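Listed below, chain by chain, are the residues.
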Amino acid sequence: MEMFLALLVSGSVVALVLVGLFVFGLRRRLIQRSGGTFDCSLRWNVPEEPDRSGKGWVYGVARYSGDRVDWFRVFSYAPRPRRVLERSAIEVLSRRVPEGEEELALLSDACILVCAHRGTRLELAMSEDALTGFLAWLEAAPPGQRVNVA
């Protein structure tokens, strides 16, 4: 009887882990289904003085959605974006490469874009190709919208 109980508990744990992994994969697929997605790490509310410790970076997926970018955490079950960045409210302050421990916290080919969004400083880390697309998207704002690209 104890052996049966141990097998039942072990099987249940394995099944829960598999269901959890399946839901992660399904969620990512649903986010990417509409297209216009790219891998993008985010660090929100960063100080003026750069912090190269690698702390605060969260790995995610960003998706273009009209005049905004929806940002989703990768390791989350939430169906809604964690952050929404409106094109008209994004101000690009500078661009830099990862330094120090940041290199370990980010993808290997990452470029960092330092921005402001409605008074909050943030950093976005993405590949060079994604960065080119993001800057083109920012500059392609409809006539009459102000876009600040440094």
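As the structure is a computational prediction, the values presented were derived from the model and not from experiment.

(A) Quick peek at the overall build of the protein. The number of helices and strands found in the protein is 3 helices and 8 strands. Helices and strands appear in the protein in the N-to-C order α-β-β-β-β-β-β-α-β-β-α. By the burial criterion, 35% of the 150 residues in the protein qualify as buried. Carbon and sulfur atoms make up 58% of the accessible area of the protein, which totals about 9,300 Å².

(B) Summary view of the sheet that holds strand β7 (residues 110-117). Read across the sheet, 4 strands follow the order β2-β8-β7-β6 without closing on themselves; strand pairing throughout is antiparallel. Either end of the sheet is taken by a strand with one partner, and the two such strands are β2 (41-44) and β6 (90-96). The average angle at which neighbouring strand axes cross in this sheet is 25°, direction not considered. The pairing of β7 with strand β8 (residues 120-127) spans 8 bridges and is antiparallel. If you follow His117 over to β8, its bridge partner there is Thr120.

(C) Structural detail: the state of the cysteines. Inspection of every chain in the model, using the stated rule, returns 0 disulfides. Cys40 takes part in no disulfide bond, and the closest cysteine sulfur to it belongs to Cys115, at a distance of 9.1 Å. What makes Cys40 buried here is its relative accessible area of 2%. Classification of Cys115 by relative accessible area gives buried; the value is 1%.

(D) Examining the sheet that holds strand β5 (residues 83-86) more closely. As summarised here, the arrangement of the 4 strands in space is β1-β3-β4-β5, forming an open sheet in which the pairing is antiparallel. A single partner strand is all that each edge strand has here, and the edge strands are β1 (37-39) and β5. Neighbour-to-neighbour, the strand axes of this sheet turn through a mean angle of 25°, independent of strand direction. Here strand β3 (residues 60-65) pairs with strand β4 (residues 68-73) via 6 bridges, running antiparallel. By the bridge assignment, Ser65 is partnered in β4 with Arg68. On top of the sheet, helix α3 (residues 128-139) reaches β1, β3, β4 and β5; it is set at about 35° to β3, its chief contact.

(E) Representation of the pairing of β3. Across 3 bridges, β1 lies against β3 in antiparallel orientation. The residue bridging Asp39 from the neighbouring strand is Val61, located in β3.

(F) Quick look at the environment of Ser108. Among the structural elements, Ser108 can be located in the loop between α2 (102-105) and β7. We classify Ser108 as exposed; its relative accessible area is 80%. When the C-alpha positions of Ser108 and Ser127 are compared, they lie 8.5 Å apart, and in sequence the two are 19 residues distant.

Cut-offs used in this document
Residues numbered from 1 in each chain as written. Predicted model: local features only at pLDDT ≥ 70, side-chain atom pairs only at ≥ 80, totals over all residues. Heavy atoms only, no water. Helix = DSSP H or I, 4+ residues; strand = E, 2+ residues; numbered from the N terminus. Buried < 20%, exposed > 50% of the residue type's maximum accessible area, 1.4 Å probe, protein only. Areas by Shrake-Rupley, 256 points an atom, 1.4 Å probe, with all protein chains shown as cover. Pairing = 2+ DSSP bridges. Axes fitted to C-alpha atoms, helices over the stretch in contact; angles between N-to-C directions. Disulfide = S-S within 2.5 Å. Contact = heavy atoms within 4.5 Å.

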